[in-house]
Each structure stands twice: as structure tokens, then as C-alpha cells.
Amino acid sequence: MTIVNAVPEDFGELVSIYEREGLVDEVSLVGKDARKEFAEIGTKRIIWLAKDEGITVGSIQLVLDSEKKDLANGMNRAMIHHLRVSYSHHGKRIGSKLYKTAEQKAKELGVKTLTLEVEKSNTKAKEIYEHWGFVYVGEGEDPNEVVMEKRLHI
């Protein structure tokens, strides 16, 4: 398993994870978002892909600057976004490796606080984020989400 930096042309790689898992309802939404997000590589975000024998099995984004300045302000706050690991690769610590890659890069860039949004109903993800040191800070703009953050020690 390797972690590689994505380039804008890789947007279909993220969509492929959802397609392979038969998440039809999410494919078009993710595809539309991915095209926009991948176009921001190098300016507002960094995206990594986890590959197993050449197949993309996971991804994570480090959003450096967002319209939601409380989450990513282009200076000392950045947001973890679209952490996704294929169901077939759960339990192999790929999510942890992706997260540690993003956290390390955030530290190198002088980010002091990492943020993220997670669905209230996603108990498993919230437990993982808490294990990584994130704490609940409030409700998200979307009433189905909460915001969590982690202070980085540089």
C-alpha cells in the first residue's frame, strides 16, 4: 500500500471508490464535488490517494483555505475532508496512514488547528477522530453534522 499525492486529473480515482462499492446515490454528488476539489490542488487543498496494487482504496484531503474560515482560513487553521477508505480495506490502518500524512503536512505548513465535520450519526468515525485527538466543538452548518478540532503541537 502506498500513499501518493493526487493531481487534478485524478478526480475520477475518488469517484471510483464509491463506484466499486455500489454507492450509486453518492457517485454523482461525489463526482461533481471531486472535480471542483481536485481543481483546487496546489492552491487551496492537498489530496492524497492510498493505492493497493495500483487501485485507489482510500483518500484524504487537507483543505488549507475554505469559504468557511472557521474551518480553514489559509493561515493557521486547516480542515480534514473526505477521508474515505474502501470497505474491502477497512481494518488495515489505511485511514490512520492517510490521516498521519495529512497531519504531518499541516504541521510542516505551520497549521495550529485541524478541523473536520462529521455526520452526527457516524459514531465509528467520531470514535476514530477522538482517538486521534479531536474534540467536539459544536454543531455544523448542516444540522446533521458536528465540528471537531485538534490543536497541533509543532
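Residues numbered from 1 in each chain as written. Predicted model: local features only at pLDDT ≥ 70, side-chain atom pairs only at ≥ 80, totals over all residues. Heavy atoms only, no water.

Caption draft 1: Highlighting the sheet that holds strand β6 (residues 135-139). Across the sheet, 7 strands lie side by side as β1-β2-β3-β4-β5-β7-β6; this open sheet has mixed pairing. Edge positions in the sheet fall to β1 (2-5) and β6, since each has one partner strand and no second. Strand-to-strand twist across the sheet, computed as the mean angle between neighbouring axes with direction ignored, equals 30°. Inspection of the sheet shows strand β4 (residues 77-85) paired to strand β5 (residues 113-119) by 3 bridges, in the parallel sense. (Pairing = 2+ DSSP bridges. Helix = DSSP H or I, 4+ residues; strand = E, 2+ residues; numbered from the N terminus. Axes fitted to C-alpha atoms, helices over the stretch in contact; angles between N-to-C directions.)

Caption draft 2: Structural context of unusual backbone geometry. One non-glycine residue, Glu53, lies in the positive phi region at around 50°. With respect to the helices, strands and loops of the structure, Glu53 is situated in the loop between β2 (45-52) and β3 (55-63). Relative accessible area serves as the criterion here: at 77%, Glu53 is assigned to the exposed category. (Buried < 20%, exposed > 50% of the residue type's maximum accessible area, 1.4 Å probe, protein only.)

Caption draft 3: Here's a closer look at the nonpolar core. If you look at the biggest cluster of nonpolar residues, it comprises 26 residues, and the most contacted ones within it are Leu62, Ile80, Leu114, Tyr129 and Phe134. Elements that contribute at least two residues to this core include exactly β2, β3, β4, α3 (94-108), β5, α4 (123-131) and β7 (145-151). The dominant element in this core, judged by the number of residues it contributes, is α3, at 5 residues. Leu62 has contacts with Lys44, Arg45, Ile46, Trp48, Ala78, Met79, Ile80, Ala102, Lys105, Ala106 and Leu114, leaving out every residue within four places of it along the chain. (Core = buried A, V, L, I, M, F, W, Y, C linked by side-chain atoms within 4.5 Å. Contact = heavy atoms within 4.5 Å.)

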